[in-house]
Amino acid sequence: MHGQTRLSRQTRNISRLGVRQNAKAHDIINGRCVDIARSKCTYFGSNEKPLHLSYSAGRLDIHYAVNSKAQQTFIGGVIAFRVLPRPQFSALQTSIFPVYFTLQSALPVVIALTSSKGGQLNGISGLLAPESRFGTLLPLATVAVSGLINQVILRPLTVRTMKERKHQETRDGKKSYDPAPHSKEMMALNKKFGRLHGLSSLINMVSLIATVYYGVVLSKRLS
C-alpha cells in the first residue's frame, strides 16, 4: 500500500515537471525567455516590449557610420597626410573618397528603412510623422544629402582643380606645394582647391554631428 502511494507521488511529480518544462519551452519558443543559455527565464515586465530586429540593424549601421567618419576624418586621413609623400597621399584620397561618399549617402537610407518604433517599422509615413521628423528624418537626411553634395558636386570640382594644378605644374616647372613664389595661375588654383577642400570638410563635419545626434536619439530609445 505504501509502495503504491509512493509510486503515485513520483508519477505526479514527474507529470508536474513535464508541464513546467513544456511551459518553459513554450516561453522560449515565443521569445519570452531572456537568458536561455543559463536556463533561467527572466520575463519582460508588463510595460516593456521585446526589441525589434531593426533596432539591432540600426545600431550596427550607426556604429559603422560613426566609426568610418571618425576614422577617415581624424585618424586615417591625418596619418596618411603625415606619412605618405604628397602624390601618393592624393592618389589614396582620390581612391577612397568615391567609396566613402557613396556609403555616406547610402547608409542613412538603409538606417531609415530599418528604423522602427514600438517594435514596428516606421516606413515612409512613420518617418514623416511629427514625432520622427527631428529625431530620425532630419539627421539621416542631413547625412545623406551631405554625402551626395560631396560625391556629386564637390568631388568632381576638386578632381578637376587637381588636374588643372597638375598641368600648371608642368608649365611652371614646380609643384603646387613647393615653397613660394608661385605663378598667379597656380596661386588661384591653390586658393580654389583650398576653398573646395574646406567646404567639403565642413560638410563632412556636419554629417558627423548629425550621425552622432541620431546615435544619441537611438540610444535613448533603447534605454
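Scroll up to find the structure this text is about.
Description of the structure in this document. Only a predicted model underlies this, so the values are computations on that prediction, with no experimental measurement involved.

Conventions we followed
- Residue positions are counted from 1 within each chain, in the order its sequence is given.
- Under the rules for a predicted model, residues below a pLDDT of 70 receive no local features and side-chain atom pairs below 80 are neither given nor counted, while totals for whole chains, interfaces and linings still include all residues.
- By convention in this description, side-chain values take in all heavy atoms of the structure and omit both hydrogens and water.
- Per the convention used, a helix needs a DSSP run of H or I reaching at least four residues, while a strand needs a run of E reaching at least two, with both numbered from the N terminus.
- Only protein chains enter the accessibility calculation, which uses a 1.4 Å probe; a residue is then buried when its area is under 20% of its type maximum, exposed when over 50%, and partly exposed in between.
- Here a residue-residue contact requires only that any non-hydrogen atoms of the pair lie within 4.5 Å.
- Note on areas: Shrake-Rupley, 1.4 Å probe, and residue coverage restricted to the protein chains presented here.
- The criterion for an aromatic pair is that two Phe, Tyr or Trp rings (for Trp, the six-membered ring) have centres within 6.5 Å, with stacked assigned to planes under 30 degrees apart, edge-to-face to planes over 60 apart and tilted to the rest.
- Only buried residues count toward a nonpolar core, which is a set of Ala, Val, Leu, Ile, Met, Phe, Trp, Tyr and Cys residues joined through side-chain atoms within 4.5 Å.
- What makes a salt bridge here is a side-chain nitrogen of Lys or Arg within 4 Å of a carboxyl oxygen of Asp or Glu, nothing more.
- Two distance rules govern patches: like charges are joined within 9 Å, and nonpolar side chains (Val, Leu, Ile, Met, Phe, Trp, Tyr) within 5 Å, applied only to residues with over 30% relative accessible area and no salt bridge.
- A positive count includes Lys and Arg, and a negative count includes Asp and Glu. His and the chain ends are not counted in either.
- For this purpose, a charge sits on NZ of Lys, CZ of Arg, CG of Asp or CD of Glu.
- The term polar contact refers here to a pair of N or O atoms within 3.5 Å; inside protein, the definition further demands a hydrogen-donor-capable atom paired with an acceptor-capable atom, and it admits residues adjacent in sequence only when both atoms are side-chain atoms.
- Using protein atoms alone on a 1 Å grid, points that fit a 1.4 Å probe yet trap it form a cavity, whereas open point sets bounded by protein on both sides within 12 Å along at least five of seven lines form a pocket; residues with an atom within 4 Å of a point count as lining.
- Grid points are joined across faces, edges and corners, and a volume is the space filled by probe spheres set on the points.
- Just so you know the grouping, Ala, Val, Leu, Ile, Met, Phe, Trp, Tyr, Cys and Pro go in nonpolar, Asp, Glu, Lys and Arg go in charged, and all remaining residues, Gly too, go in polar.
- What a helix is expected to span follows from its residue count: subtract one and scale by 1.5 Å.
- Note that bend, as reported per residue, equals the angle between axes fitted to the 7 residues terminating at that residue and the 7 residues originating from it.

## Quick look at the overall build of the protein
Item 1. In terms of regular secondary structure, the protein is built from six helices and two strands.
Item 2. Secondary structure elements in the protein, listed N-terminal to C-terminal, are α-α-α-β-β-α-α-α.
Item 3. Sorting the 223 residues of the protein into buried and exposed places 28% on the buried side.
Item 4. The contacts of the protein with a sequence gap of at least 6 include a subset with a gap of at least 24, amounting to 68%.
Item 5. For the protein, the accessible area works out to roughly 15000 Å², and carbon and sulfur atoms hold 64% of it.

## Thoughts on the packing of aromatic side chains
The description of two aromatic rings rests on the distance between their centres and on the angle between their planes.
Item 1. Tallied over the entire structure, the rule returns three aromatic pairs.
Item 2. Summarising the aromatic geometry, the rings of Phe-81 and Phe-89 are spaced 5.3 Å apart at their centres and angled 75° between planes, so their arrangement reads as edge-to-face.
Item 3. On the accessibility criterion, Phe-81 (46% relative accessible area) is partly exposed.
Item 4. Assessed through its relative accessible area of 14%, Phe-89 is described here as buried.
Item 5. Judged by centre distance (5.5 Å) and plane angle (55°), the ring pair of Tyr-100 and Phe-101 falls under tilted.

## Regarding the nonpolar core
Item 1. Counting six residues, the largest nonpolar core is built from Ile-111, Ala-112, Leu-127, Leu-140, Tyr-214 and Leu-218.
Item 2. At the level of secondary structure, the elements contributing two or more residues to this core comprise α3 (86-114) and α6 (184-222).

## Digging into the pattern of salt bridges
Item 1. Taken as a whole and judged by the stated rule, the model has two salt bridges.
Item 2. Among the ionic pairs, Lys-175 bridges to Glu-169, the shortest N-O distance being 4.0 Å.
Item 3. Lys-175 sits in the partly exposed class, given a relative accessible area of 32%.
Item 4. Through salt bridges with shared partners, a single network forms among Lys-166, Glu-169 and Lys-175.

## Here's the deal with a positive patch on the surface
Item 1. A contiguous patch of positive charge, built from Arg-160, Lys-191, Lys-192 and Arg-195, is present on the exposed surface.
Item 2. Sort the elements by how many residues they give to the positive patch and α6 lands first, with three residues.
Item 3. Within the secondary structure layout, Lys-192 lies in helix α6.

## Focus: a nonpolar patch on the surface
Item 1. Side chains of Phe-74, Ile-75, Ile-79, Val-83, Leu-84, Leu-92, Met-205 and Ile-209 sit close together on the surface and give an oily, nonpolar patch of about 700 Å² of accessible area.
Item 2. Considering every element that reaches the nonpolar patch, the biggest residue donor is helix α2 (residues 53-83), with four residues.
Item 3. Assignment of secondary structure puts Val-83 in helix α2.

## Comments concerning the side chain of Ser-105
Item 1. Inspection of the secondary structure assignment puts Ser-105 in helix α3.
Item 2. Looking at Ser-105, its side chain comes within polar contact range of the main-chain nitrogen of Leu-148, at 3.1 Å.
Item 3. In contact with Ser-105, other than residues within four places in its own chain, are Ala-144, Gly-147 and Leu-148.

## Focus: the layout of surface pockets
Item 1. If you add up the space inside the largest pocket, you get close to 1000 Å³.
Item 2. Looking at the largest pocket, it is lined by 32 residues, and the ones nearest its centre are Phe-89, Gln-93, Phe-97, Phe-193 and His-197.
Item 3. Contributions of two or more residues to the lining of the largest pocket are made by α2, α3, α5 (130-172) and α6.
Item 4. Per element, the largest residue contribution to the lining of the largest pocket is 10 residues, and it comes from α5.
Item 5. Counted by class, the lining of the largest pocket contains 12 nonpolar, 13 polar and seven charged residues.

## Points about the environment of Val-99
Item 1. Structurally, the position occupied by Val-99 is in helix α3.
Item 2. As a C-alpha pair, Val-99 and Gln-151 span 52 residues in sequence and 9.2 Å in three-dimensional space.

## Observations concerning α5
Given 3.6 residues per turn, any residue in an α-helix points the same way as the ones three and four places further on.
Item 1. A rise of 1.5 Å per residue sets the reference length of α5, with its 43 residues, at 63 Å; its end C-alpha atoms lie 58 Å apart and thus fit the reference within 8%.
Item 2. Of all the bends found along α5, the most pronounced is centred on Leu-154 and spans about 40°, while Pro-156, a proline, follows it within four residues.
Item 3. Positive phi shows up at Gly-173, right after α5, with a value of about 75°.

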